[in-house]
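The chain contents come next:
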Amino acid sequence: MIHSDIRTIPRQKRSKMDEIVLSVRDFRKTYGNFVAVAGISFEVQRGEIFGLLGPNGAGKTTTLECLEGIRKPDAGALRVLGVDSSREPHKLRNLIGVQLQTSGLPANMTVEEALKFFSAYHAVTPSFDLLGRLGLEEKRRAQYSQLSTGQQRRLSLALAIAHNPPVIILDEPTAGLDVATRAELHSLMQELKEKDTTIILATHDMAEAEKMSDRVAILLRGQIVTTGTPREITATGSGLTKISVRSEGSSLQKNGMIFPAVAQQSVQEEYAIYFSTDPGPTVTALLDYIHSQGDKLIDLRVERPSLEERFLEITNRGAAQ
Amino acid sequence: MTAFAYHFLFEFKTGLRNSTALLMNYLFPLAFYAMMGLIMVKINPGFANVLLPAMVIFVSLVSNLLGLPGPLVESREAGIYRSFKINGVPALSILATPTLSTIIHALIVSILIALTARPLFDGVNPTSWGAFVWITLLVVFTSGALGALIGVIATSSRSTVLLSQLIFLPSMLIGGMMIPLDLLPASVRPVSMLLPSTHAMQAYLGLAYGQATVLDPWVSVAILLASGLLAFGLAIYLFNWDSRNRVRRGHPALALLVLVPYLIGIFLG
């Protein structure tokens, strides 16, 4: 499923339909001497939300643009629902909906005209209800140049999904969006997923990727360094769970005790911080100790490593190599 | 309504809605026409004989060479064609709809000039309105195709202006509109024959006004038609969707092929 030289995490739970909607095989793309993508492979199944993560210049946008048929790969095969993106890009148009990272519309095109314009080229009836859903109803007659950045991105999203494509590619969809619109977009993505729409999500927002993606792939310097569900990826990191404890008498800060399964410990302000390989015994021992000292617990927080922390761990390691 | 028709309608409305387009399509050509009719005819009464064809050529050059290429370049640079491409808008539509709408705007102004040149400024009407009409269609088509080609090969707003002015300014000075071709120095005449306006004037004078011409007007018609078809064909061939993606089907220098009919004209002339 994944290129042989990359770390593969087996999926424990397959989606309800195992139909491969999108496949990338040994894809390579260079710009002059710069290798943007160095031979990656992955597959995405129907109804899946697949997150493509990576720092700037990792090759995310190049991969997406080749999938969309905007650019041609130097080597490899990219297929969407069996259509070769580089050889038959015209056949992709009704199969995919794309929200580009950088794109635009004519400055004087109104929101309504844009929806009618692209719907006409997709040969579908314009679905104006989308405008209300994405908070653009009031801007229906506003020209593109009069929209804020967030509104322009919402329009771009509306245009990407207006023709009900089975595959949607979103490149940084929530950049520049306010909290409410961002939540609305996430809800919309869930609805699309429930209708078996496949979504490719390229984002810098790790919280978004963790929340929305069924699986993610992390790209670094044009290669996939890891792939799997967000939980699988976070679990394969250091594996340490962060336990923060604050007590009335600060009894934990005063002792030099070693608690079970604790790999690292430190003190940050009023909290004793423990990184545990097995949080259950650690928490039990900590609570027993506080109780035994006649101290009183004020706050206890157990946090598993986030995708962001795992991402930083991977990218920092990659940068150091 | 078909997608192409909707696209054309949008481009046509843009020609009226956008202040720069409105200036290039209507305000500047009509203001210049009024000025030439009021002043030039007084200074040089002989200019009344060519006021109508000269102003129609001027309108066509302003709309198509000065007005059309800029938005094409700006749209490409702004990533608008990327949006169009992923939504299935064909390259032909992207080039044909603005070109066609600019041509229609130029024809509307040409009709206004044709209707007013005589009553307002004593301009001389053609002896053959039929010939005048089809030559006008040919002139706006050729200018439109050249404008589209400039829009495709120019890489920035600055180069767009340079390329457009490379045709526009010589056309105004030595393109037969202000100074008849037979009055130009012999050394300048070959340069003049590289300009579409020169051949347009020869075609109008010979076929619509029945006057003697320096060049065979039918050769001029053939040159305009060939260069128009060649320019539009090259514009489609060299069209680039994306300013970030410099991969093209051909080198922009291929656009110079559009000069071939004019060079043949010099050889024949």
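Residues numbered from 1 in each chain as written. Chains lettered and ligands numbered in written order. Predicted model: local features only at pLDDT ≥ 70, side-chain atom pairs only at ≥ 80, totals over all residues.

Participant: Would you mind going over the overall build of chain A with me for this structure?
Facilitator: If you tally the helices and strands in chain A, you get 11 helices and 15 strands. In chain A, buried positions account for 43% of the 321 residues. Restricting the contact set of chain A to residue pairs at least 6 apart, pairs at least 24 apart contribute 69%. (Helix = DSSP H or I, 4+ residues; strand = E, 2+ residues; numbered from the N terminus. Buried ≥ 20, exposed ≤ 12 C-beta atoms within 10 Å, placed from the backbone. Contact = placed C-beta atoms within 7 Å.)

Participant: Is there a simple way to think about the nonpolar core in this case?
Facilitator: Nonpolar side chains in soluble globular proteins generally cluster together in the buried interior. The biggest cluster of nonpolar side chains holds 147 residues, and the ones touching the most others in it are Ala114, Ala158, Ile200 and Leu201 of chain A together with Met55, Leu149 and Ala235 of chain B. Beyond its immediate chain neighbours, meaning those up to four positions away, isoleucine 200 of chain A contacts Val44, Phe50, Leu52, Leu64, Ile169 and Leu170 of chain A. Within the second largest apolar cluster, 11 residues are counted, among which are Val245, Phe259, Val262 and Val283 of chain A. (Core = buried A, V, L, I, M, F, W, Y, C linked by C-beta atoms within 7 Å.)

Participant: Before we go on, may I ask you to explain helix 3 (residues 51-67) of chain B in this structure?
Facilitator: Note: α-helices contain 3.6 residues per turn, so residues at a spacing of three or four share the same orientation. The end-to-end C-alpha distance of helix 3 of chain B, which contains 17 residues, comes to 22 Å, matching closely the 24 Å that a straight helix rising 1.5 Å per residue would cover. Most of helix 3 of chain B sits out of view: 17 of its 17 residues are buried. (Expected span 1.5 Å × (residues − 1).)

Participant: Help me understand the packing of helix 2 (residues 19-43) of chain B against helix 3 of chain B, please; the structure alone is not making it clear to me.
Facilitator: Packed helix pairs are characterised by how far apart their axes lie and by the angle those axes make with each other. Residue and element names in this part refer to chain B. Interhelical geometry of helix 2 versus helix 3 gives an angle of 155° and a closest axis separation of 9 Å. Comparing the axis directions of helix 2 and helix 3 gives the class roughly antiparallel. In this structure, helix 2 crosses over helix 3, and the sense of that crossing is right-handed. Facing Ala21, Met24, Asn25, Phe28, Pro29, Phe32, Tyr33, Met36, Gly37 and Val41 of helix 2, the residues of helix 3 in contact are Leu51, Met55, Phe58, Val59, Val62, Ser63, Leu66 and Gly67. Here the residues of the contact of helix 2 with helix 3 are counted per class, giving 14 nonpolar, four polar and no charged. (Axes fitted to C-alpha atoms, helices over the stretch in contact; angles between N-to-C directions. Parallel < 35°, antiparallel > 145°, perpendicular 65-115°, else oblique. Left-handed = near helix turned anticlockwise from the far one by under 90°. Nonpolar A, V, L, I, M, F, W, Y, C, P; charged D, E, K, R; others polar.)

Participant: I tried to follow the sheet that holds strand 15 (residues 297-303) of chain A on my own but got confused; where do I start?
Facilitator: The pairing of strands in a sheet comes from backbone hydrogen bonds and takes either a parallel or an antiparallel form. Residues and elements named next belong to chain A. The strand order across the open sheet formed by four strands is 13-14-12-15, and the pairing between neighbours is antiparallel. Sheet topology places strand 13 (262-268) and strand 15 at the edges, where each strand pairs with a single neighbour. The average undirected angle you get between the axes of adjacent strands in this sheet is 15°. Where strand 12 (residues 241-247) and strand 15 come together, six bridges link them in antiparallel fashion. The partner of serine 244 across the bridge, within strand 15, is arginine 301. Helix 10 (residues 279-292) contacts strand 12, strand 13, strand 14 (271-276) and strand 15 of the sheet and is inclined by roughly 10° relative to strand 12. (Pairing = 2+ DSSP bridges.)

Participant: Mind showing me how you'd approach the interface of chain A and chain B here?
Facilitator: Accessible area lost on assembly of the parts is the figure often given for the size of an interface. Taken together, the contact pairs 21 residues of chain A with 20 residues of chain B. At seven residues, helix 3 (residues 111-122) of chain A tops the list of elements feeding residues into the side of chain A that touches chain B. Among the residues making up the side of chain A that touches chain B, the classes are represented as 11 nonpolar, five polar and five charged.

Participant: What should I look at first to understand the sheet that holds strand 6 (residues 83-84) of chain A in this one?
Facilitator: Residue and element names in this part refer to chain A. Spatial strand order, 3-2-5-6: four strands in an open sheet with antiparallel pairing. Because the sheet does not close on itself, it has two edges, and the strands there are strand 3 (34-45) and strand 6. Inspection of the sheet shows strand 5 (residues 75-80) paired to strand 6 by two bridges, in the antiparallel sense. The residue of strand 6 that forms the bridge with arginine 79 is aspartate 84. Across the face of the sheet, helix 1 (residues 60-67) comes into contact with strand 2 (20-31), strand 3 and strand 5 while running at roughly 120° to strand 2.

Participant: Please clarify how the environment of leucine 240 of chain A should be interpreted in this entry.
Facilitator: All names here are of chain A. Take leucine 240: it is sitting in the loop between helix 8 (230-235) and strand 12. Residue leucine 240 is classed as partly exposed on the basis of its 19 C-beta neighbours within 10 Å. In this structure, the C-alpha to C-alpha distance between leucine 240 and glutamine 264, residues 24 residues apart in sequence, is 9.0 Å. Excluding its chain neighbours within four sequence positions, the residues that come into contact with leucine 240 are Ala263, Phe275, Ser276, Thr277 and Pro305.

Participant: What exactly am I supposed to notice about the confidence of the model for chain B here?
Facilitator: When pLDDT is low, close inspection of the predicted coordinates is not appropriate. Looking at chain B as a whole, its pLDDT mean stands at 92, while 97% of the residues score no less than 70. Overall fold confidence (pTM) sits at 0.79, and the ipTM for the predicted complex is 0.83. (pLDDT = per-residue confidence, 0-100.)

Participant: Help me understand the packing of helix 11 (residues 217-238) of chain B against helix 12 (residues 260-268) of chain B, please; the structure alone is not making it clear to me.
Facilitator: Residues and elements named next belong to chain B. Two numbers describe how helix 11 lies on helix 12: the axes approach to 9 Å, and their chain directions differ by 160°. What the angle tells us is that helix 11 and helix 12 run roughly antiparallel. Between helix 11 and helix 12 lies a crossing of right-handed hand. Of the residues in helix 12, those in contact with Val219, Ile223, Ala226, Ser227 and Leu230 of helix 11 are Pro261, Tyr262, Gly265 and Leu268. Of the residues contributing to the contact of helix 11 with helix 12, the split by class is seven nonpolar, two polar and no charged.

Participant: Teacher, can you tell me more about the confidence of the model for chain A here?
Facilitator: Residue and element names in this part refer to chain A. Looking at chain A, the pLDDT average stands at 84 and 91% of residues meet or exceed 70. Predicted confidence in chain A is weakest over strand 1 (residues 7-8), with a mean pLDDT of 38, and strongest over strand 9 (residues 198-202), with 94. The model gives residues 1-15 a pLDDT under 50, and that stretch makes 30 contacts with residues more than four places away or in other chains.

Participant: Sorry, what's going on with the pairing of strand 2 of chain A here?
Facilitator: Looking along a regular strand, one sees side chains alternate from face to face of the sheet. All names here are of chain A. Here strand 2 runs beside strand 3; their pairing, made up of nine bridges, is antiparallel. Its bridge partner lying in strand 3, valine 24 is registered against phenylalanine 42. The hairpin formed by strand 2 and strand 3 contains two residues between the paired strands, and glycine 32 there has a positive phi angle of roughly 65°. Pairing geometry for strand 2 and strand 5, over five bridges, is antiparallel. Counterpart to arginine 25 in the pairing with strand 5 is alanine 77.

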